[in-house]
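# Close look at the chain arrangement
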2 protein chains.
Amino acid sequence: MSKQNTNSRPEARLAKGFRDIEAPELKALNDMTGKIREVYERYGFEALETPAIEYTDALGKFLPDQDRPNAGVFSFQDEDEQWMSLRYDLTAPLARYVAQNFQTLPKPFRRYAFGNVYRNEKPGPGRFRQFMQFDADTVGAESVAADAEMCMLAADTLEALGVKRGQYVIKVNNRKILDGAMETIGLQGEENTARRLIVMRAIDKLDRLGVDGVRQLLGNGRTDESGDFTKGAGLSSGQIEILEKLYAHQETGSQDFFLAKHATDPASDDDKIFTSDTGNQFVWAHPRFLDTYATIFAGSATALEGIEELRQISSLVRAAGYGTKRIKLDVSVVRGLEYYTGPVFEAELTFEVKGDDGKPVRFGSVGGGGRYDDLVARFTGEKVPATGFSIGVSRLQAALSLINDKKTQALGPVVVLVMDKGEVATYQKMTQALRNAGIRAEMYLGSSGMKAQMKYADKRNSPCVIIQGSDERAKGEVTIKDLIEGAKAAAAIKDNKEWKEARPAQFSVSESHLVQEVHNLIKRHQA
Amino acid sequence: MSKQNTNSRPEARLAKGFRDIEAPELKALNDMTGKIREVYERYGFEALETPAIEYTDALGKFLPDQDRPNAGVFSFQDEDEQWMSLRYDLTAPLARYVAQNFQTLPKPFRRYAFGNVYRNEKPGPGRFRQFMQFDADTVGAESVAADAEMCMLAADTLEALGVKRGQYVIKVNNRKILDGAMETIGLQGEENTARRLIVMRAIDKLDRLGVDGVRQLLGNGRTDESGDFTKGAGLSSGQIEILEKLYAHQETGSQDFFLAKHATDPASDDDKIFTSDTGNQFVWAHPRFLDTYATIFAGSATALEGIEELRQISSLVRAAGYGTKRIKLDVSVVRGLEYYTGPVFEAELTFEVKGDDGKPVRFGSVGGGGRYDDLVARFTGEKVPATGFSIGVSRLQAALSLINDKKTQALGPVVVLVMDKGEVATYQKMTQALRNAGIRAEMYLGSSGMKAQMKYADKRNSPCVIIQGSDERAKGEVTIKDLIEGAKAAAAIKDNKEWKEARPAQFSVSESHLVQEVHNLIKRHQA
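Residues numbered from 1 in each chain as written. Chains lettered and ligands numbered in written order. Predicted model: local features only at pLDDT ≥ 70, side-chain atom pairs only at ≥ 80, totals over all residues. Heavy atoms only, no water.

## Notes on the relation of the copies chain B and chain A
Mapping chain B onto chain A leaves a residual RMSD of 0.1 Å; the transformation is a rotation of 180° accompanied by 0.0 Å of translation along its axis. Such a combination of rotation and displacement between the chain copies is what one expects of a two-fold axis. Judged by C-alpha distance, Phe 76 of chain B is the residue of chain B that lies nearest the rotation axis, at 3.0 Å. Looking at the interface residues of chain B, 100% of them are also at the interface in chain A, so both copies use one shared face. (Least-squares fit on C-alpha atoms with pLDDT ≥ 70 in both. Contact = heavy atoms within 4.5 Å.)

Shown next as structure tokens:
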């Protein structure tokens, strides 16, 4: 920090990777979080808010062995030299909370949380270092019914926000199948943790890179279009071949994972599943699909357990009326976070919209989650099974703003003009009278003249302005100028003289009728 | 950061000075911020959200000349070595935003903002390092009408939150009177900035220390009850005498500031003021009070300007119907922040409540603000007059929780018990049917038996549980157990055998009537 800064003026700028959110977007966000909250509460979750700052070791995962642990998280030292960090998600603080309050909590403990999280990562377009998440978690529930519920919660939340059936899908996979595949190729054990992570992240890129790209990342590495080389996991071609059975299995002879999956899915229509559901609700929608896996990974108890859990999840969601159009298996779902131990989910928007440049944009993932049975045990040593789902609120809001019809801009406040500076007390009184009647109103507080005041009211999208000059005052009247009607009239009337004579959308009322008349005017425009 | 931490388990603990907020308090906070938002919007303010993290130099005030600028703020370095800080209020980021977007904003710019702020200060009882503020600011308005409006906004907000007239007061002062007093004793100029701050902070303690305590702090210093010595401003007794005219003037011969003020206030009743307000709305409620100051500080143009501004503010709020019961002058109001340049306000709760220990607690300040004409100029070099008001949300909520009648705890979710693990799909289906009808419901997700499940439902404050064992299933029925009626009946019935025979508050219905019956039950209990 250089000394000269103290004398020169600082530059007014946002910190890199951060952004301001203005009124229209905040309104949309506020409406959105209200609706999410409603669904989460309907599912029985209770609100909890943990602080933005925690001790670094309590957050875990990014536990540093360097002096300054700022890889991924924002960290700093307290005056007693303890490292503190800004939360990077809402799950790690939940684990701390549960471990700290375990004795007194109802079990299972079901909480929702909403708030900003912070990542000390390289920002990019649409990628910010502060963003909002809205999470629901069930802690202390071993049953996969808790996982199935997360998938239904995700579907119901998206629909409550106006995403139509068919515009989204909740994809489910199980880390245990992946773990089983790793076992099969000899990549088990703690000594292979880092390598398993490389493998998982490679498979996670299947959507974008295709089978060939992932194959390079599983092998020696891959050079991308820009010439950058990413080192691979260093697997042998034999090992890679086994892994590929996961996502490019040969049943249909197709290398395209999505095609392959759809071909083996006998019931991709919600209704069809339900009519075929005769008596026994444990009808499995993807028998051949999972059967194939059970054969390939028959040697791995872990994989078989994962397959069985997926069968159960499928049964539960089908029984509750959620077909494969809404919730379906997808073995490419990995989820980047290390702490998942079982079922993992991803909520994806499937429709395309036109971006600002007219090109189609596909939003992809707007949320996800999964089972993390070891996170509380970090503190207590005792395993506490848990599962959760998290919505990326900012990201989802960006998507929704494109599918929802552009709403007409919300009406601004009524502006009481200051025609005579000696009369501000009178104008203030009128303003308060309007406010007391529940009408959004303000007296013009700048020091400019009539023209600038009218411009200000236009910029604020005011429905009308209130005018009282000395003439009106003498008669105990005020003039109400309807800016919305006025704009329409202005578009119709070309002649300035004609305009002045007609003075459209402007009328005088007695002072005592001001509130009622403004009330009526706003009601007309809101209708 | 020691190495052994990586192997041993971390302790599940909150960082010092931070806290978790649980469901009942969050609900109260959420209701509260909804009401504040409503009032602020009615006054014509627009929402804005700036990020929690800013460049340290852009936040200003705490601009460091040390290497690690963490006095008062949490700070850390970006990877490009720029210092970043967590916001310590919502005003400094607003100044950055306005300077950055000045060209495109409507002028005046009126925004409200709500969010957590962070202080790297020593925590204490009720003093946290993360707390919520809810601010409204008008930027680009020189007129004291903007300041008057802030006082009315504060009063209206408190009343909207259920604080009754007479339970609060908005106190107004003007830094210019203080500055004038400083000029009068020769403490003007940049070289005296630090000393002026000591003087202001001493006067700020008048409520707590009384005139004598403040006199010591203005002189050589003061030793408190614990024996700690605080160095004083080092003023001469002549200088101190002049300052004391501010807050202990001799008009009534009283050393008690509050008594003195009330005695000189001819109209401390809202209604009285209004009947005396004949035609000329510029009736001043404290003529003798301000006249006295005008005489004492006649030599200071700054003080006279400040006095004139207070007269105008008083006129405006009186004209709009706010008497001295709600908004009154108080020369002890200083506000700790350095950036204020004119009128300053403080919202104070005046009632006493019994604390947890049965002793009376007076809450005091729950918000404040003032005029800060130089904050935007830090960036642009151009003076942009501004004024604002900030509510300490967490603090106010703590106060409100004591005056509002304790509401009966909100109803928890309906719990569908798992009587038979092979039937979870059926129970899940029932649960979803309840949810789809808008009823808060969940299936029990733990692995415990009937007794623990009932205990869980009690702990969640469930209105009822749903039971379907094999008997009920065979008949196509479910049993609804009303936990609220059940608790009442249990209090009335002493005999265990009698209880078992009567099975009060428990009834069976056909599966197809489940949703309707639960709906009716909840409606009965909410009435």
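Read on for the rest.
## Focus on helix H18 (residues 483-492) of chain A
Residue and element names in this part refer to chain A. The complete set of buried residues in H18 reads Leu 483, Gly 486 and Ala 489. Looking straight down H18, one finds that the buried residues subtend no more than 115° of arc, so they occupy a single side. Turned more than 90 degrees off the buried face of H18, the exposed positions are Lys 488, Ala 491 and Ala 492. Its side-chain oxygen at 3.0 Å from the backbone nitrogen of Ile 484, Asp 482 defines the N-terminal cap of H18. (Buried < 20%, exposed > 50% of the residue type's maximum accessible area, 1.4 Å probe, protein only. Helix = DSSP H or I, 4+ residues; strand = E, 2+ residues; numbered from the N terminus. Arc of directions from axis to C-beta. Polar contact = N/O pair within 3.5 Å; in protein donor to acceptor, adjacent residues only side chain to side chain.)

## Brief notes about unusual backbone geometry
Trans peptide bonds make up most of the peptide bonds, and negative phi angles are found at most residues other than glycine. With omega at 0°, the peptide bond leading from Lys 107 of chain A into Pro 108 of chain A counts as cis. Mapping Pro 108 of chain A onto the fold places it in the loop between helix H3 (91-101) and strand S6 (109-118). Its identity as a non-glycine residue notwithstanding, Glu 81 of chain B has a phi of 70°, on the positive side. Summarising the element assignment, Glu 81 of chain B is placed in the loop between strand S4 (75-77) and strand S5 (83-86). Phi is positive for Asn 461 of chain B, which is not a glycine, with a value near 60°. With respect to the helices, strands and loops of the structure, Asn 461 of chain B is situated in the loop between helix H16 (450-459) and strand S17 (464-467). By relative accessible area, which is 22% here, Asn 461 of chain B ends up partly exposed.

## Concerning the sheet that holds strand S16 (residues 441-443) of chain B
Residue and element names in this part refer to chain B. Taken in spatial order, the five strands of this open sheet run S16-S15-S17-S18-S19, and their pairing is mixed. Each of the sheet's edge strands pairs with one partner strand only, and the pair in question is S16 and strand S19 (506-510). Each strand of the sheet is rotated relative to its neighbour by a mean of 25°, with strand direction disregarded. Summarising the sheet, strand S18 (residues 477-482) and S19 pair through five bridges and their orientation is antiparallel. Bridge pairing links Lys 481 to Gln 506 in S19. Across the sheet, helix H15 (residues 424-436) touches strand S15 (414-416), S16, S17 and S18, and the angle it forms with S16 is around 175°. Helix H20 (residues 514-526) rests against S15, S17, S18 and S19 of the sheet, and its axis sits at about 10° to S18. (Pairing = 2+ DSSP bridges. Axes fitted to C-alpha atoms, helices over the stretch in contact; angles between N-to-C directions.)

## Quick look at the environment of Met 150 of chain B
Residue and element names in this part refer to chain B. Its place among the elements puts Met 150 in helix H4 (residues 145-160). Judged by relative accessible area, Met 150 falls into the buried class, the value being 0%. As a C-alpha pair, Met 150 and Asn 173 span 23 residues in sequence and 13 Å in three-dimensional space.

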